[in-house]
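Below are the chains, spelled out letter by letter.
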Amino acid sequence: MSAVRKRPGPGAGLRRRTRRRYDVVGLLVAAALGFPVYWMLITAFRPASEILSLPPEFWPANPTFANFTRAMRTETFWSNVRSSAVIGLGTVLVSLLVGTLAAFALSRFRFAGRKAFVVVILTVQMIPLAALVIPVYLLLNEAGLTDSLGGVILVYLVFTLPFTVWMLHGFISAIPVELEEAAMVDGCGRLGAFVRVVLPLLAPGLVATSVFAMVQAWNEYVLVYVLLSTPEKQTLSIWLVSFQTSFGTDYGGLMAGATLTALPVVVFFLAVQRKIAAGLATGAVKG
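Caption draft 1: The overall build of the protein, seen in detail. Summing up its helical and strand segments, the protein has 12 helices and two strands in all. Going from the N terminus to the C terminus, the protein shows its helices and strands as α-α-α-α-α-α-α-α-α-α-α-β-β-α. For the protein, with 287 residues in total, the buried portion stands at 38%. Within the protein, counting contacts between residues at least 6 apart in sequence, those at least 24 apart form 72% of the total. Carbon and sulfur atoms make up 69% of the accessible area of the protein, which amounts to about 17500 Å² in all.

Structural data, given as structure tokens:
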């Protein structure tokens, strides 16, 4: 018996046309969002004679690495790279350590003030950063932590920890508590069940949360500008300002420096993007 091919319904053509329209709109939005990044990249490879040429060219006629060489040979580049790495990694590691334990306590234990604590976490996220710059500087000055990388990490933790706890709380809540109970029946303690059962299942959530914390710490400008005065201790976001002087702006060096600044975060994101997608999907199951 020959199989009978089912004819598409009258609405199939309309649905296909609707999907195509959505695809076109999505491509246009992606192009609009990606064009500044594309322009930054091609400007980084342009020689100085082509950067301000009119009409503008959408591809460098004579690509060059001179802008990258000049940017990397600036006096404080490598020390600023080290400062950014120390601050970014320090913020991520401490926020994950403390945030994971706090999120686990919120998800697995019932205690007085638990709901109020969650509300406080969300409220902290709504406080504008600019409103806290002066109080934060005065507190660190009293503690002798101004112009130190440790002081900057402590300040960053104030803003990344609430987000980390809130995100990981959703991830941990999505893990069935019965798995921990089964591990404890088999002889594990509470800590052993957490390390052997929860942490492996929490890995996608940890990766997703670490990326957001890393991006926030890596791109921060205002606090670093206020708290760090020694040029060698400043981060790459402050280093980029050195390409703008009283004589004008070195657009080639600035775009090359911006590309170098964004490159570590982009590489890290591409390396763990699958874990990020899995983590976000897991955290959306139950909050």
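Having seen the model, we can carry on.
Caption draft 2: A look at the environment of Tyr-156. In this fold, Tyr-156 is placed in helix 7 (residues 149-173). C-alpha of Tyr-156 to C-alpha of Thr-91: the two residues are 65 residues apart in sequence and 6.6 Å apart in space. Excluding anything up to four places from it in sequence, Tyr-156 contacts Ile-87, Thr-91, Ala-217, Glu-220, Leu-223 and Val-224.

Caption draft 3: Up close: the packing of helix 4 (residues 77-108) against helix 7. Contact geometry for helix 4 and helix 7: axes closest at 6 Å, N-to-C directions at 40 degrees. As summarised for this structure, helix 4 and helix 7 are arranged oblique, according to the angle between their axes. The two elements helix 4 and helix 7 meet at a crossing, and its hand is right-handed. Here the contact of helix 4 with helix 7 is composed, by residue class, of 18 nonpolar, 11 polar and two charged.

Caption draft 4: Seen up close, the nonpolar core. Leu-168, Leu-202 and Trp-239 are the most contacted members of the largest nonpolar core, which totals 31 residues. Val-136, Val-152, Val-155 and Leu-157 belong to the second largest nonpolar core, which has 18 residues in total.

Caption draft 5: Structural context of a nonpolar patch on the surface. On the surface, a nonpolar cluster with roughly 720 Å² of combined accessible area is contributed by Ile-134, Tyr-137, Leu-138, Tyr-221, Val-222, Tyr-225, Val-226 and Val-241. Contributions of two or more residues to the nonpolar patch are made by helix 6 (133-143) and helix 10 (222-227). Note that Val-226 resides in helix 10. What makes Val-226 partly exposed here is its relative accessible area of 31%.

Caption draft 6: The arrangement of helix 6 in detail. Every buried residue belonging to helix 6 is among Val-133, Val-136 and Leu-140, and all of these are buried. Down the axis of helix 6, the buried side of the element spans an arc of 70 degrees, and every buried residue falls inside it. Opposite its buried face, helix 6 presents the exposed residues Ile-134, Leu-139 and Glu-142, each directed more than 90 degrees away. Close packing links the buried residues of helix 6 with helix 7 and helix 10.

Caption draft 7: The environment of Phe-194, seen in detail. Within the element layout of this structure, Phe-194 appears in helix 9 (residues 190-219). C-alpha separation for the pair Phe-194 and Leu-179, spaced 15 residues apart in sequence, amounts to 9.9 Å.

Caption draft 8: The arrangement of a positive patch on the surface in detail. Together, Arg-15, Arg-16, Arg-17, Arg-19, Arg-20 and Arg-21 make up a positively charged patch on the protein surface. By secondary structure assignment, the location of Arg-19 is in helix 1 (residues 12-44). With a relative accessible area of 49%, Arg-19 lands in the partly exposed category.

Caption draft 9: Representation of the pattern of salt bridges in the model. One pass over the full model with this rule turns up two salt bridges. Among the ionic pairs, Arg-70 bridges to Asp-250, the shortest N-O distance being 3.0 Å. Taken together, the residues span a long stretch of sequence, with Arg-70 in helix 3 (residues 66-72) and Asp-250 in the loop between strand 2 (248-249) and helix 12 (251-283) at a distance of 180 residues. Of the residues examined, Asp-250 reaches a relative accessible area of 27% and is grouped as partly exposed. Glu-180 serves as the salt-bridge partner of Arg-108, at 2.5 Å between the closest nitrogen and oxygen. You can see Arg-108 sitting in helix 4 and its partner Glu-180 sitting in helix 8 (residues 177-185), a full 72 residues away along the chain. Pair check on accessibility: Arg-108 and Glu-180 agree, each one buried.

Caption draft 10: Main features of the environment of Ser-49. If you trace the backbone, Ser-49 turns up in helix 2 (residues 48-51). A sequence separation of 13 residues divides Ser-49 from Asn-62, and the C-alpha atoms of the two residues are 9.9 Å apart.

Here is what the cut-offs are and how they apply
Residues numbered from 1 in each chain as written. Predicted model: local features only at pLDDT ≥ 70, side-chain atom pairs only at ≥ 80, totals over all residues. Heavy atoms only, no water. Helix = DSSP H or I, 4+ residues; strand = E, 2+ residues; numbered from the N terminus. Buried < 20%, exposed > 50% of the residue type's maximum accessible area, 1.4 Å probe, protein only. Contact = heavy atoms within 4.5 Å. Areas by Shrake-Rupley, 256 points an atom, 1.4 Å probe, with all protein chains shown as cover. Axes fitted to C-alpha atoms, helices over the stretch in contact; angles between N-to-C directions. Parallel < 35°, antiparallel > 145°, perpendicular 65-115°, else oblique. Left-handed = near helix turned anticlockwise from the far one by under 90°. Nonpolar A, V, L, I, M, F, W, Y, C, P; charged D, E, K, R; others polar. Core = buried A, V, L, I, M, F, W, Y, C linked by side-chain atoms within 4.5 Å. Patch = residues over 30% accessible without salt bridge, like charges linked within 9 Å, V, L, I, M, F, W, Y side chains within 5 Å. Salt bridge = Lys/Arg side-chain N within 4 Å of Asp/Glu carboxyl O. Arc of directions from axis to C-beta. Lys, Arg positive; Asp, Glu negative; His and termini not counted. Charge placed at Lys NZ, Arg CZ, Asp CG, Glu CD.

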